[in-house]
Amino acid sequence: MSFGETPVTLVGNLTDDPELKFTDGGAALAKFTIAVTPRTFDRTSNQWKDGTTAFYRCAAWRQLAEHVADSLKKGSRVVANGRMRQHDWTTDQGEKRSMLAVEVDDIGASIRFTTVTINARRASSGGAPSGSDPWNTAGNPAEQGTEPPF
């Protein structure tokens, strides 16, 4: 992680099945949303109360993207680590837009309320080339004046 990036850990549920796409260069991209609802215990009523749900747009790249698409589905409870990123773009109508999203570096199923079975896979060399930044490539839609990959 670089200096100045905003690290984030999310614990919540996927709002839909992950959407898997591939860039023109062949890199896998999984897009998904994690809903996070804080819960507090109200001692007066002796009950748990839900707070306001926040929805975080997320993206995972390459092999992680494929594993997300193969392993997770709508409703999956996950723990995700990544970096908050701001994306700016201009619509085809010339309107400037901006959004915050999480670039996920690692994600897994939460086993707090369920059990999971792990199917280990052999590591491959299909990771990102050293020094590559998928957010700053020439194929980045934000740099082309269209919507970001979310």
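What comes next is a walk through the structure. (Residues numbered from 1 in each chain as written. Predicted model: local features only at pLDDT ≥ 70, side-chain atom pairs only at ≥ 80, totals over all residues. Heavy atoms only, no water.)

1. Focus: the side chain of arginine 83
If you trace the backbone, arginine 83 turns up in strand β7 (residues 77-90). Engagement of the side chain of arginine 83 in a polar contact is seen with the side chain of glutamate 5, the distance being 3.5 Å. (Helix = DSSP H or I, 4+ residues; strand = E, 2+ residues; numbered from the N terminus. Polar contact = N/O pair within 3.5 Å; in protein donor to acceptor, adjacent residues only side chain to side chain.)

2. With respect to the environment of serine 110
Here serine 110 is to be found in the segment after β8 (96-109). As a C-alpha pair, serine 110 and asparagine 13 span 97 residues in sequence and 9.4 Å in three-dimensional space. Those residues in contact with serine 110, other than ones at most four positions away along the chain, are Arg77, Val78 and Val79. Within the local environment of serine 110, its side chain forms a polar contact with the backbone nitrogen of arginine 112, the two atoms lying 3.4 Å apart. (Contact = heavy atoms within 4.5 Å.)

3. Here we look at unusual backbone geometry
The general pattern is negative phi for most residues beyond glycine and trans for most peptide bonds. Of note in this structure, asparagine 46 is not a glycine but carries a positive phi near 60 degrees. Mapped onto the fold, asparagine 46 is located in the loop between β4 (39-42) and β5 (47-50). Given the relative accessible area of 56%, asparagine 46 is considered exposed. A positive phi is found at arginine 62, a non-glycine position, where the angle reads about 55 degrees. Mapped onto the fold, arginine 62 is located in helix α1 (residues 62-71). (Buried < 20%, exposed > 50% of the residue type's maximum accessible area, 1.4 Å probe, protein only.)

4. Here we look at the pairing of strand β1 (residues 6-14)
Where β1 meets β7, eight bridges bridge the pair, whose relative direction is antiparallel. Bridging across to β7, asparagine 13 finds its partner in arginine 77. (Pairing = 2+ DSSP bridges.)

5. Here's the deal with the pattern of salt bridges
Charged atoms that come close allow side chains of opposite charge to pair. The tally for this structure, following the rule as stated, stands at ten salt bridges. Of the charged contacts, one joins arginine 85 and glutamate 5 as a salt bridge, the two residues approaching to 2.6 Å between their closest N and O atoms. In this pair, arginine 85 sits in strand β7 while glutamate 5 sits in the segment before β1, placing the two residues 80 residues apart along the sequence. Here the two residues arginine 85 and glutamate 5 agree in accessibility, since each one is buried. One continuous salt-bridge network, built from bridges that share partners, spans Glu5, Arg83, Arg85, Glu103 and Asp105. (Salt bridge = Lys/Arg side-chain N within 4 Å of Asp/Glu carboxyl O.)

6. A closer look at the nonpolar core
Formed by 17 residues in total, the largest nonpolar core has its most connected members in Phe32, Ile34, Cys58, Ala60, Val68, Val104 and Ile107. Secondary-structure elements contributing two or more residues to this core are β1, β3 (28-36), β6 (54-61), α1, β7 and β8. Residue contributions to this core peak at four residues, all from β3. (Core = buried A, V, L, I, M, F, W, Y, C linked by side-chain atoms within 4.5 Å.)

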